[in-house]
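The residues making up each chain are set out below.
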Amino acid sequence: MPIKNTVKYYDAPAYYHVYNRGAGGRQIFRDDQDRYKFLALFARHLDPDDTSVRTDGRAYEKYDLELVAYCLMGNHFHLLLYQESDTTAITQLMRSVATAYTMYFNRKYEQFGHLSQSAFKASRITNDAYLLHITRYIHMNPRSYMRYKWSSIAVYLGDEVPVWLHPERVHDMSPAQYREFLGSYEGRKAELELLKNQLAL
């Protein structure tokens, strides 16, 4: 039986909600340094101004892909990704980030083996309403989501936008309007929990 939301072939142009969790529900981010490292791995592949190189001097691959929203929890993460034309971009990016981050994590914590429970999962966003809703779902994962440091919510609420993040892909709301949009979901916690259960997170 195939694993739910394990995509073999991607479309383009298309948006995907990409997520994964630690093997056995274990923590994949133990401190702020871990979360910073994870985001830095995305930046080196998505930021055109990032000039970091491999140990052999070769530049890191840049992918035709945009990170639209994210949230890094303790034992799992959520990403909203958009690929314009390259149908292999998500697979390549996630494979590169997962490999590099697992090596970093295992070296730091002196362990070995798989960090994630499986290959990452992805769900295609099929309409504009779902696209906007998924940013709200991603940002509201933490209990104190308005103050949570390791999601893109601050950017959606008016902070400076890093060059490797593209909230403009989703909406043209003012920070006040997006704050109201988040608040309109407060009374629908059961719906949020149902979606979390469906994603097995």
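Up top is the structure.
S.K.: Can you walk me through the overall build of the protein chain in this structure?
M.R.: When its secondary structure is counted, the protein chain shows six helices and four strands. Of the regular secondary structure in the protein chain, the N- to C-terminal order runs β-α-β-β-α-β-α-α-α-α. Across the protein chain, every contact between residues at least 6 apart in sequence was considered, and the portion connecting residues at least 24 apart equals 73%. For the protein chain, the computed accessible surface area is about 10,800 Å², with 51% contributed by carbon and sulfur atoms.

S.K.: I would appreciate a short explanation of the side chain of Asn75 in the present structure.
M.R.: Position of Asn75 relative to the elements: it lies in the loop between strand 2 (65–72) and strand 3 (76–83). Here Gly25 takes part through its backbone oxygen, which lies 3.3 Å from a polar atom of the side chain of Asn75. When near neighbours in sequence (up to four residues on either side) are disregarded, Asn75 contacts Asn20, Arg21, Gly22, Gly25, Arg26, Gln27 and Ile28.

S.K.: Would you mind showing me how to read the packing of aromatic side chains here?
M.R.: Enumeration over the complete set of coordinates arrives at 13 aromatic pairs. For the ring pair Tyr15 and Tyr82, a centre distance of 4.5 Å and an interplane angle of 40° mean the geometry is tilted. Taken together, the residues span a long stretch of sequence, with Tyr15 in strand 1 (residues 14–21) and Tyr82 in strand 3 at a distance of 67 residues. With 5.5 Å between their ring centres and 40° between their planes, Tyr101 and Tyr104 make a pair best called tilted. Linking Tyr101 with Tyr104, this pair stays in helix 2 (residues 89–109), spanning three residues, or about one helical turn. Taken individually, Tyr101 and Tyr104 each receive the classification buried, so the pair is uniform in this respect.

Thresholds, definitions, all that
- Residues numbered from 1 in each chain as written.
- Predicted model: local features only at pLDDT ≥ 70, side-chain atom pairs only at ≥ 80, totals over all residues.
- Heavy atoms only, no water.
- Helix = DSSP H or I, 4+ residues; strand = E, 2+ residues; numbered from the N terminus.
- Contact = heavy atoms within 4.5 Å.
- Areas by Shrake-Rupley, 256 points an atom, 1.4 Å probe, with all protein chains shown as cover.
- Polar contact = N/O pair within 3.5 Å; in protein donor to acceptor, adjacent residues only side chain to side chain.
- Phe/Tyr/Trp six-rings, centres within 6.5 Å; stacked < 30°, edge-to-face > 60°.
- Buried < 20%, exposed > 50% of the residue type's maximum accessible area, 1.4 Å probe, protein only.

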